[in-house]
Structure formats: C-alpha cells, structure tokens
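Structural overview for review
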Amino acid sequence: MSLSHTHTHTCTHTLCDLFKHTFSSLSPGGSKVHLAQLKRGIAILPEEDRRGRLHRKMSDLSYSCSFCVRLKDRCPRPHGLLNLLITKACLLALLFGVVWAITGSECLPGGNLFGIVTLFICSVLGGNLAGLMQLPSLPPLPPLLGMLLAGLLLRNVPYVNDAVKISAKMSAATRSLGLGVILARAGLGLDPSALRRLKLVCVRLAVGPCLAEACVTAVVSHFLLALPWGWGFMLGFVLAAVSPAVVVPSMLLLQREGYGVSKGIPTLLMAAGSFDDVLAITGFSTCLGISFSKGSTWMNVLKGLLEVGGGVVAGLILGLFLCCFPSRDQEDLALRRTLLLLGLSIFAVFFTHVIGAAGAGGLCTLVLAFIAALGWNAEKAPVAAMVGRSWDVFQPLLFGLIGAEIVVANLNPVTVGKNQNFARCAVIVSSVLVTVFHLQEGLGVACVAIGLVIRLLVTFLLVHFGGFNWKEKLFIAVAWTPKATVQVCVCV
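This structure is a prediction, so every number in the text was calculated from the model and none was measured.

**Section: the overall build of the chain**
- Regarding its fold elements, the chain presents 20 helices and zero strands.
- In the chain, which comprises 492 residues, the proportion classed as buried is 37%.
- Long-range pairs, those at least 24 residues apart, make up 76% of the contacts in the chain with a sequence separation of at least 6.
- When the accessible surface of the chain is split by element, carbon and sulfur atoms take 71% of a total near 27,300 Å².

**Brief notes about the pattern of salt bridges**
- All told, the structure shown has seven salt bridges when counted by the stated rule.
- In this structure, the salt-bridge partner of Glu213 is Arg455, at a minimum N-O distance of 2.8 Å. Of the two residues, Glu213 sits in helix H9 (residues 199-225) while Arg455 sits in helix H18 (residues 443-462), which places them 242 residues apart along the sequence.
- On the accessibility criterion, Glu213 (2% relative accessible area) is buried.
- We note a salt bridge from Arg455 to Asp276, for which the minimum N-O separation is 3.4 Å. Placement of the pair is Arg455 in helix H18 and Asp276 in helix H12 (residues 265-292), with a sequence separation of 179 residues.
- What makes Asp276 buried here is its relative accessible area of 0%.
- Taken together, the shared-partner salt bridges in this structure form one network comprising Glu213, Asp276, Arg455 and Lys483.

**Things to note about helix H4 (residues 112-132)**
- A rise of 1.5 Å per residue sets the reference length of H4, with its 21 residues, at 30 Å; its end C-alpha atoms lie 30 Å apart and thus fit the reference within 8%.
- Of the positions making up H4, those classed as buried are Asn112, Gly115, Ile116, Thr118, Leu119, Ser123, Gly126, Gly127 and Ala130. All buried residues of H4 lie within an arc of 165 degrees about the axis, which places them on one face of the element. More than 90 degrees from the buried face of H4, the exposed residues found are Leu125, Leu129 and Leu132.
- Check the buried side of H4 and you find it contacts helix H5 (143-156), helix H7 (168-189) and helix H16 (380-404).

**Notes on a nonpolar patch on the surface**
- Among the surface-exposed residues, Ile290, Trp298, Met299, Val301, Leu302, Leu305 and Leu306 lie close enough to one another that they form a single nonpolar patch of about 750 Å² accessible area.
- Inspection of the secondary structure puts Leu302 in helix H13 (residues 297-324).
- Leu302 gets classed as partly exposed once you look at its relative accessible area, which sits at 40%.

**Overview of helix H15 (residues 358-376)**
- For H15, spanning 19 residues, the distance from its first C-alpha to its last is 28 Å, which sits close to the expected 27 Å at 1.5 Å a residue.
- Within H15, 16 of the 19 residues are buried, which leaves it mostly tucked inside the rest of the structure.
- Looking at the residues trailing H15, positive phi occurs at Asn377, about 60 degrees.

**Remarks on the environment of Leu252**
- Of note, Leu252 is situated in helix H11 (residues 244-257).
- Overall, the relative accessible area of 11% leaves Leu252 in the buried class.
- Between the alpha carbons of Leu252 and Gly189 there is a distance of 7.1 Å; along the sequence they are 63 residues apart.
- Residues contacting Leu252, with those up to four places away along its chain left out, are Arg185, Gly189 and Met270.

**Here's the deal with the side chain of Asp277**
- Looking at the element boundaries, Asp277 is found in helix H12.
- In this structure Asp277 is buried but unpaired, with Arg455 as the nearest side chain of opposite charge at 7.0 Å.
- Ignoring sequence-local partners within four residues, the contact set of Asp277 consists of Ala241, Val242, Pro244 and Val486.

**Comments concerning the packing of aromatic side chains**
- Tallying each qualifying case throughout the model produces four aromatic pairs.
- Taking 6.4 Å as the distance between ring centres and 35 degrees as the angle between the ring planes, the aromatic pair formed by Trp229 and Phe233 counts as tilted. Here Trp229 and its partner Phe233 are both found in helix H10 (residues 229-240), four residues apart, which amounts to about one turn of the helix.

**With respect to unusual backbone geometry**
- In this structure, the amide linkage connecting Phe325 to the following residue, Pro326, adopts the cis form with an omega of -5 degrees.
- Within the secondary structure, Pro326 is located in the loop between H13 and helix H14 (333-354).
- Phi at Tyr159 is positive, roughly 70 degrees, even though this residue is not glycine.
- With respect to the helices and strands, Tyr159 occurs in the loop between H5 and helix H6 (160-163).
- We classify Tyr159 as exposed; its relative accessible area is 71%.

**What about the packing of H12 against helix H19 (residues 470-479)?**
- Two numbers describe how H12 lies on H19: the axes approach to 11 Å, and their chain directions differ by 30 degrees. When the interaxial angle is binned, H12 and H19 end up roughly parallel. The way H12 lies across H19 gives a crossing that is right-handed. Taken together, the residues of H19 that come into contact with H12 (itself represented by Ile265, Leu268 and Leu269) are Glu472, Phe475, Ile476 and Ala479.
- Split into classes, the residues belonging to the contact of H12 with H19 amount to six nonpolar, no polar and one charged.

What counts and what doesn't
- Residues numbered from 1 in each chain as written.
- Predicted model: local features only at pLDDT ≥ 70, side-chain atom pairs only at ≥ 80, totals over all residues.
- Heavy atoms only, no water.
- Helix = DSSP H or I, 4+ residues; strand = E, 2+ residues; numbered from the N terminus.
- Buried < 20%, exposed > 50% of the residue type's maximum accessible area, 1.4 Å probe, protein only.
- Contact = heavy atoms within 4.5 Å.
- Areas by Shrake-Rupley, 256 points an atom, 1.4 Å probe, with all protein chains shown as cover.
- Salt bridge = Lys/Arg side-chain N within 4 Å of Asp/Glu carboxyl O.
- Expected span 1.5 Å × (residues − 1).
- Arc of directions from axis to C-beta.
- Patch = residues over 30% accessible without salt bridge, like charges linked within 9 Å, V, L, I, M, F, W, Y side chains within 5 Å.
- Lys, Arg positive; Asp, Glu negative; His and termini not counted.
- Phe/Tyr/Trp six-rings, centres within 6.5 Å; stacked < 30°, edge-to-face > 60°.
- Axes fitted to C-alpha atoms, helices over the stretch in contact; angles between N-to-C directions.
- Parallel < 35°, antiparallel > 145°, perpendicular 65-115°, else oblique.
- Left-handed = near helix turned anticlockwise from the far one by under 90°.
- Nonpolar A, V, L, I, M, F, W, Y, C, P; charged D, E, K, R; others polar.

Quick look at the structure:
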C-alpha cells in the first residue's frame, strides 16, 4: 500500500509540471481545453488505483471467508444427546450469569436464592428416586418421602448445610404459598353431590377426631411431661391437624383412578381434612391467646369463632367474584381464572396471618375455590389442571423445607420451665420439641402414640353410620393420621 501511494504521488507531481509548462506556452483559448483534459487524467489515475486496492481487499476477504468455511467443515460438530447437553449447560450458565448480575451474593452458596434452588432440585431428584423404589407386590414409595429425606440431608450433612441456607422468613413464606395452593386444589376437587350426601359424616369426621386427639394429648402431656394445661392443649391442637399436602394429592389420585368415587370417599376426606385443619389452627390460636394474653377467656373463644365465620363469608364473596370475573368472552379464560384463583388463595393465607386470624385463611381458600368450581361447572377442568401443575412446583419445596426443619443435633431432651418471660414462639416450639423428641424416656413418643390410637378409634366409630364397609372404614381411619404441613407452618 505504501508503494502504490508513492507511485500515485509521483505521477500527480509530474502531470502538474507538464500542466504548468503547457499553460505557459499555449494561447489562452487553447489552455482551457488542455486544462480540462489534464484534470480528467489526474482524476482517472487515483480512481483506478482505488479500484485496484478495493479488488485486492475483496480478494483477501474472499480468501478469509473460504478459510472460515473450510475450518467450519473440518471442525467436529456434536449431534444428538451431546449437543443437547452442551446447549442446556450453556443456557444454565447464561441464566446463572444473568441472575448473579441482578441479585449478587444471593445466588451464591450461603444465599437464600441458592438455597431455594438447590433444595428444589434435590427434592425433585429425591422424589423421583423414591418413586423408582418398589418392593415386590407393593406399590412404589411416595415421592414426598424422598423429598423429606432430601431436605433432611441438606440440613444435616456437614459443609453442605453451610452452603444451603434459607432464612426463616423465606422458608415460612414458601410453606404458606404451598399451603394456599394445595387448599385451592382441594376446593376444586370437591364433589358437590357427594358432599351434600355425606354432610353429616363430613362434620363428624372434621370435628370429632381432632377434638378427641387434642384433648387426649393435652391430658397425657400434662401428667407425663408436666406441661401446663395451656401448653398441653396447644400441643394437642398442633398434633391433631391432618396434613392436607399428604391427604389431598392422594385422594385426587384415587378420584382420578375411580376408587371410592361412588361412595364419595375422596371428597369426604378432602373436605373434612380442610375443615379439620381450620379447627386445629383455630383451637391452637385460641389456646395461645388464652395462655399469653391478658384479655378475657371468652373473648379469645369468641375470636376463634369469628375467624371461622369470617373465613366462610370472605370465601363466599371471593368465590362469587370468581364466578363473574373474568367473563366467558375473554381470551385465555382458563389461564386468567387460574391466576385469579391462585392469587386470591395466596392473598387470603398471607393476609389472615398479618391480621392475626390464621385460621380464617385456609377456610377462606377452600370455600372460594369450591364456590368458583360450582360456578364454572364443567369449565373447571383446565383450571384444575393448571393448579395441579402449580402444585408440582410447590410440592418439592414444601416437603423439602419440612425435612430441612429437622436438625438432628437438636433432637436431645429439653427441659421447659414455667418462666413466663420466655418469648412466645420459643415457648411453643420448645413445648413441641419436648413432647415429640423427648426420646430419653420415651414419654414424647408415648404422647403421640396414645393420641394417634385414640384418633384411629374415634374415626372408625364416627364413620360407622356412613354406609361404608369395614375395609373402607379402616382406610378412612388410617388416611386420617398423616402429620406434616400444618405442624410446621404453625410452629416454625
């Protein structure tokens, strides 16, 4: 390029000297003609030189492109599974980079976001592994068992528990989200005709076993563990609540397979289970207020009744709202109904906690979902399917967090005094730990076992006049024993 530039400059200088000589020797008239010709010559030479340089550049570019093409053809390009794995790894790395750029240390080991994501992935893997384990002539293990074990391991394995940390506030919020979703799913799954036919059995099943177990546990814990009566009844109502996260998915599965549908067993257990939880939470809140507040006992009892009534009324109003909005002429009707249903359910659970009426939230969620399903009629199927997919996300989180609340190092006998200056939550959690994990003398196990035996007997007797055979009665009694969700949501 430097030689070409020197050559062009020399030619231009020579032509300029020739122009000056010619201009001085020619007449004025002829000089104008020669001037124009010489100017055209001067302009032509650089233009030709520029074209040559452009041609050389295009040749170089063409050679580079051909080299890239040959290099691309020679490089190995993975296909199939390897290509899929590399693509997903790149997407995950990109997603992590974006999240890290936004949240900073929250997505790194020790942060809440890292802990939630790790717990979710491990819980899903644990649930899948548990589902693959099957003994001969027996059904496979429930996935929730693997999810519980995954959370337990993440919390108690050394060095791992330092990296996977979730704050108490985020853990409680996530569990409340899962509780709202499963109660909404239960409300959608209720059969109105079976509920109308079994309404008396439903009331007996919702009230009788819960009160019986709570009272027996209170009496036994008072005499065996020397707990005050107020703490004993709080403990009794906590242990008496049946787990909706265990009962509802199981009953929906039986309902989908057609087992017990003719006699309304799935609907009976889902409806009674939800009311059982409301009764247990209301009883716990009432005993808590009696034990730690300075107000009248009757006012605390009245507050519990108002929670139940307020939850029913609020559920009716919100359910009627969902029947009218959104209207059937809107696009993506099922999606909008699902979003509104889940949003109102979760809002009801959190709002009632904020105002100190935790028992009303679950009942409000159940009633609004049931009323909305009545209004939608046959159109509730796509909404129920979307809510079910939402539960597939919250189920690993819920049971993983429940397993992560168990710290093996803390499962030692604990002595609870009668000091009234203890913080309220510390007193409640300590009393629960005393009873459930007082493993040295077996008194805690005795309290739980006696309460469960009484619950089984009372449940079997209360469904005696419901038109069920003895196998169905035994199934209902056993299905009325799971404990998990409410206990953790209330006590932790």
